[in-house]
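Inside the fold
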Amino acid sequence: MSLVTMKYEMARAEKGGYAVPAFNFFSFDNLVGIAKGAAEKKSPVIAMATMGGIKVMGEKAVVKMCEGVAADYGINMVLHLDHCTDIELLKRCVDNGFTSVMIDSSKKEFAENVEDTAKTVEYASRYGVTVESELGHVGGKEDDIVVDDMSVLFTEPEKALEFVNLTGIDCLAVAVGTVHGFYKAKPKLDFPRISKIHELLPKCPLVLHGGTGVPYDDFREAIKRGVRKINIGTELKVHGVFDTSKAGYMDPNAKDDPRYVSKLVIAKVSSIVEELIGVMGSENKASC
Ligand code: 13P
């Protein structure tokens, strides 16, 4: 019943052949819904704060919120910093108790990406904190980071091997056909590419970003081929929190009580989380 590292959950997922679901959160109700869903399904779970979310909530509060929610729901939770481009913020998150961080220098040249990532590993590993980094570019809009369609670049397997060897990261985010945000057309995942990267890097868990709207069978196939963490953000942000809050505040039964809306948000987020846990095969795999 505490915060655990991503590395710990990834090792268990590798043994069990499932993926650990990773959900972005932007508010307290959002986080509680994630914990509730994970507790109902007895699943490991990764709660992901973004740079934008931390600007609103504060990194110290985020850590305390996650510790408290994990204790209240009797679960282990990974607290992960998602897509961080600011190394000073990343260090503060490590110092304050995040158990996992993602450095995102994927828009930079290979050598600079290696340099930023290696520096992050050097810092985070002193505290036993897990490091994820991205090679290639996943397209779309994530938090305040935008990668337009023309800049999407799939991960080259040989380059991925070189990148992991040079940096010593724990998990690799791969660009294999998903994008952040809602899809304009059905996504087309490059499954042979996932297999090839996994074959070259059997000990480095692969992370799939842009999970919102990906057909469930594609998730299952990606997991078979070595994906061990799947990120979901937009689905919870828009359908789970925003649409539900809007409808809740318009509901005459809400009167002037924000708790009415909080309960609706928690229930909706939790139901989305529970469904996705079923798809990722992580049900009943909780480590406590
Ligand atoms: P979606 O918003 O498309 O679900 O992607 C989330 C994500 O990859 C966070 O890193």
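Below you will find a few notes about this structure. Computed from a predicted structure; not experimentally measured. (Residues numbered from 1 in each chain as written. Predicted model: local features only at pLDDT ≥ 70, side-chain atom pairs only at ≥ 80, totals over all residues. Heavy atoms only, no water.)

Some details on the packing of helix 9 (residues 216-224) against helix 11 (residues 258-280)
Between helix 9 and helix 11, the shortest axis-to-axis distance is 9 Å and the interhelical angle comes to 45 degrees. Considered as vectors, helix 9 and helix 11 are oriented oblique to each other. Facing Y216, F219, R220 and I223 of helix 9, the residues of helix 11 in contact are E275, L276, V279 and M280. Here the residues of the contact of helix 9 with helix 11 are counted per class, giving 6 nonpolar, no polar and 2 charged. (Axes fitted to C-alpha atoms, helices over the stretch in contact; angles between N-to-C directions. Helix = DSSP H or I, 4+ residues; strand = E, 2+ residues; numbered from the N terminus. Parallel < 35°, antiparallel > 145°, perpendicular 65-115°, else oblique. Contact = heavy atoms within 4.5 Å. Nonpolar A, V, L, I, M, F, W, Y, C, P; charged D, E, K, R; others polar.)

Some details on the side chain of S105
The residue S105 is located in the loop between strand 4 (100-103) and helix 6 (110-125) in this model. Its relative accessible area of 4% is what places S105 among the buried residues. In this structure S105 touches N113 and D116, once residues within four positions along its chain are discounted. (Buried < 20%, exposed > 50% of the residue type's maximum accessible area, 1.4 Å probe, protein only.)

Digging into the packing of helix 7 (residues 157-167) against helix 8 (residues 191-200)
Two elements in contact, helix 7 and helix 8, have axes separated by 9 Å at closest approach and are oriented at 35 degrees. The chirality of how helix 7 crosses helix 8 is right-handed. Of the residues in helix 8, those in contact with P157, E158, A160 and L161 of helix 7 are R193, K196, I197 and L200. For the contact of helix 7 with helix 8, the residue count by class is 5 nonpolar, no polar and 3 charged. (Left-handed = near helix turned anticlockwise from the far one by under 90°.)

Notes on the site of the ligand
For the ligand, the set of nearby residues contains 15 residues, the closest of which are D82, G210, T212, G233 and T234. Interatomic distance of 3.1 Å between a side-chain N/O atom of H180 and an oxygen atom of the ligand. Calculation on the ligand without its partners gives an accessible area of 310 Å², and the protein chains cover 100% of this total. When residues of the shell around the ligand are traced back to their parent elements, those giving at least two are strand 3 (78-84), strand 9 (179-180) and strand 11 (227-232). (Near = heavy atom within 4 Å. Polar contact = N/O pair within 3.5 Å; in protein donor to acceptor, adjacent residues only side chain to side chain. Areas by Shrake-Rupley, 256 points an atom, 1.4 Å probe, with all protein chains shown as cover.)

Thoughts on unusual backbone geometry
Phi is positive for K42, close to 50 degrees, though the residue is something other than glycine. In this structure, K42 sits in the loop between helix 2 (28-41) and strand 2 (46-49).

A short note on the sheet that holds strand 1 (residues 20-24)
Taken together, the 8 strands give a closed barrel; going around it, the order is 1-2-3-4-5-8-10-11, and neighbouring strands pair in parallel fashion. For this sheet the average axis-to-axis angle between neighbouring strands, irrespective of direction, equals 25 degrees. Note: strand 4 against strand 5 (residues 130-135), 4 bridges, orientation parallel. Counted as the bridge partner of V101 is V131 from strand 5. Contacting strand 8 (171-174), strand 10 (206-208) and strand 11, helix 8 runs over the sheet at an angle of about 155 degrees to strand 10. Of the strands in this sheet, strand 10 and strand 11 are in contact with helix 9, which crosses strand 11 at around 145 degrees. (Pairing = 2+ DSSP bridges.)

Quick word on the pattern of salt bridges
Applying the stated criterion to the full structure yields 18 salt bridges. Note that R92 is salt-bridged to E59, the shortest N-O span being 2.8 Å. Here the residue R92 occupies a position in helix 5 (residues 87-96), and E59 occupies one in helix 4 (residues 59-73), the gap between them amounting to 33 residues. Residue K119 is joined to E115 by a salt bridge in which the shortest nitrogen-to-oxygen separation is 3.6 Å. Placement of the pair is K119 and E115 together in helix 6, with a separation of 4 residues, close to one helical turn. K119 gets classed as partly exposed once you look at its relative accessible area, which sits at 49%. (Salt bridge = Lys/Arg side-chain N within 4 Å of Asp/Glu carboxyl O.)

What to know about the environment of I197
Mapped onto the elements of the fold, I197 is located in helix 8. Note on I197: relative accessible area 0%, which makes it buried. A sequence separation of 95 residues divides I197 from M102, and the C-alpha atoms of the two residues are 19 Å apart. Apart from residues lying up to four places away in sequence, I197 is in contact with T155, P157, A160, L172, V174 and L206.

Notes on the packing of aromatic side chains
Using the criterion set out here, one finds 3 aromatic pairs in the structure. Measuring from ring centre to ring centre gives 5.5 Å for Y123 and Y127, while their planes differ by 40 degrees; the resulting arrangement is tilted. Judged by its relative accessible area of 46%, Y127 is partly exposed. Look at Y216 and F219: their rings are 6.3 Å apart centre to centre, the planes differ by 20 degrees, and that puts the pair in the stacked class. Note that Y216 and F219 are positioned in helix 9 at a spacing of 3 residues, about one turn of the helix. Taking the ring centre of Y123 as reference, the NZ or CZ of K91 above it sits at 5.3 Å. (Phe/Tyr/Trp six-rings, centres within 6.5 Å; stacked < 30°, edge-to-face > 60°. Lys NZ or Arg CZ within 6 Å of the ring centre and 35° of its normal.)

Focus: the nonpolar core
One finds F25, M77, F98, L172 and I230 to be the most contacted residues of the largest nonpolar core, which totals 74 residues. Element by element, the count of residues in this core is highest for helix 11, at 10 residues. Within the second largest apolar cluster, 14 residues are counted, among which are M6, V20, C171 and A173. (Core = buried A, V, L, I, M, F, W, Y, C linked by side-chain atoms within 4.5 Å.)

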